[in-house]
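Listed below are the residues making up each chain.
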Amino acid sequence: MCKDVIIACDFSSKEELYAFLEKLGDQKPYLKVGMELYYKEGAPMVRELKAKGFKIFLDLKLHDIPNTVYKAMRNLGELGVDITNVHASGGIKMMAAALKGLREGAGDGAMPKLIAVTQLTSTDAETLKNELLIGETLENTVKHYALNAKAAGLDGVVCSPLEASIIKELGLMSVTPGIRLAGDSVDDQKRVTTPAKAREMGSTYIVVGRSITAAEDPREAYIKCTKEFKGE
Ligand code: C5P
């Protein structure tokens, strides 16, 4: 079940990303490309990375009316990425439209995994209740949104490793950020888990950013994370 470590490439340009990838030497990790990098470098960079043999999680968190998301996903499907995502709060129809678009875009190529963001980790109980006027607990909304994602035919969700076991019980895959190697700085993450703990909790993939990108030796940190997570 513990499939792989995905490195969060939170860089502002392709030059920065490529300088980082040089430091990984012979390693060809799974990369998470998010809004910052994608909105700067776009589809050509994603195609280039795929041609170099990297697996890509394109983390753009789409959220719009179903028809717009369908058309956007058709374009993303053509890129040959391995995982991409939407916001579950867009609803079941939007998620189903995303899946349809992705499938059409992928054509005869491999079908990417489609996952949903349940609640952002920046949303706490207070925000949920007083700003978003949602009376349910955070846990209940996460579980309910995950069930909606499943009903729409999606493969899984982005969540905290602490929620990975519930997600597994629902038969979905989990991609979990908020990971730190033991002894590393927590930075702005509120709740962090080590790769070994995430393995115990049942995460399918872990997303690791600064514990690898800001490490003195990123190659060594990546190998350590992978060994810990896969239990090798
Ligand atoms: O550097 P760090 O390991 O904290 O990076 C985590 C990555 O995962 C970042 O790209 C962040 O945007 C992303 N993420 C997160 N929490 C979520 C969803 C995504 O930390 N709930």
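Above: the structure in question.
Conventions and cut-offs
- Residues numbered from 1 in each chain as written.
- Predicted model: local features only at pLDDT ≥ 70, side-chain atom pairs only at ≥ 80, totals over all residues.
- Heavy atoms only, no water.
- Near = heavy atom within 4 Å.
- Polar contact = N/O pair within 3.5 Å; in protein donor to acceptor, adjacent residues only side chain to side chain.
- Areas by Shrake-Rupley, 256 points an atom, 1.4 Å probe, with all protein chains shown as cover.
- Nonpolar A, V, L, I, M, F, W, Y, C, P; charged D, E, K, R; others polar.
- Core = buried A, V, L, I, M, F, W, Y, C linked by side-chain atoms within 4.5 Å.
- Buried < 20%, exposed > 50% of the residue type's maximum accessible area, 1.4 Å probe, protein only.
- Contact = heavy atoms within 4.5 Å.
- Helix = DSSP H or I, 4+ residues; strand = E, 2+ residues; numbered from the N terminus.
- Patch = residues over 30% accessible without salt bridge, like charges linked within 9 Å, V, L, I, M, F, W, Y side chains within 5 Å.
- Salt bridge = Lys/Arg side-chain N within 4 Å of Asp/Glu carboxyl O.
- Lys, Arg positive; Asp, Glu negative; His and termini not counted.
- Charge placed at Lys NZ, Arg CZ, Asp CG, Glu CD.
- Pairing = 2+ DSSP bridges.
- Axes fitted to C-alpha atoms, helices over the stretch in contact; angles between N-to-C directions.

Draft legend 1. Broad picture of the site of the ligand. Near the ligand the following residues occur: Ala8, Asp10, Lys32, Thr121, Pro177, Arg180, Gln189, Val207, Val208, Gly209 and Arg210. Within the side chain of Lys32, one N or O atom sits 2.9 Å away from an oxygen atom of the ligand. About the coverage of the ligand: the protein hides 84% of its 470 Å² of free accessible area. Considered class by class, the residues forming the shell around the ligand number 4 nonpolar, 3 polar and 4 charged.

Draft legend 2. Representation of the nonpolar core within the structure. Formed by 55 residues in total, the largest nonpolar core has its most connected members in Leu49, Leu58, Met73, Val86, Met95 and Ile212. Once residues within four sequence positions are removed from consideration, Leu49 is found in contact with Leu17, Tyr18, Leu21, Leu31, Val33, Phe54 and Ile56. Ile6, Ile83, Val175 and Val207 belong to the second largest nonpolar core, which has 12 residues in total.

Draft legend 3. Examining the environment of Leu49 more closely. Among the secondary structure elements, Leu49 is positioned in helix H2 (residues 35–51). Expressed as a C-alpha distance, the spacing of Leu49 and Tyr18, which sit 31 residues apart in the sequence, is 9.8 Å.

Draft legend 4. Seen up close, a negative patch on the surface. Among the surface-exposed residues, Asp10, Glu15, Glu16 and Glu36 lie close enough to one another that they form a single negatively charged patch. Take Glu36: it is sitting in helix H2.

Draft legend 5. Representation of the pairing of strand E8 (residues 205–208). Taking every second residue as pointing to the same face, both faces of E8 are buried, with Tyr205 and Val207 on one and Ile206 and Val208 on the other. Of the pairings in the sheet, the one linking strand E1 (residues 4–8) to E8 comprises 4 bridges and is parallel in character. Bridging across to E8, Ile6 finds its partner in Val207.

Draft legend 6. Focus on the pattern of salt bridges. The final tally for this structure, using the stated rule, is 11 salt bridges. Note that Asp26 is salt-bridged to Arg219, the shortest N-O span being 2.9 Å. Here Arg219 lies in helix H10 (residues 218–230) and Asp26 lies in the loop between helix H1 (14–23) and strand E2 (30–34), a separation of 193 residues in the sequence. Looking at Arg219, the relative accessible area reads 30%, which means it is partly exposed. Between Lys197 and Glu200 there is a salt bridge, with its nearest N and O atoms 3.3 Å apart.

Draft legend 7. Broad picture of the sheet that holds E1. An order of E1-E2-E3-E4-E5-E6-E7-E8 is seen for the 8 strands of this closed barrel, with the pairing classed as parallel. Neighbour to neighbour, the strand axes of the sheet diverge by 25° on average, direction disregarded. Along the sheet face, H10 touches E1 and E8 and points at about 145° away from the line of E1.

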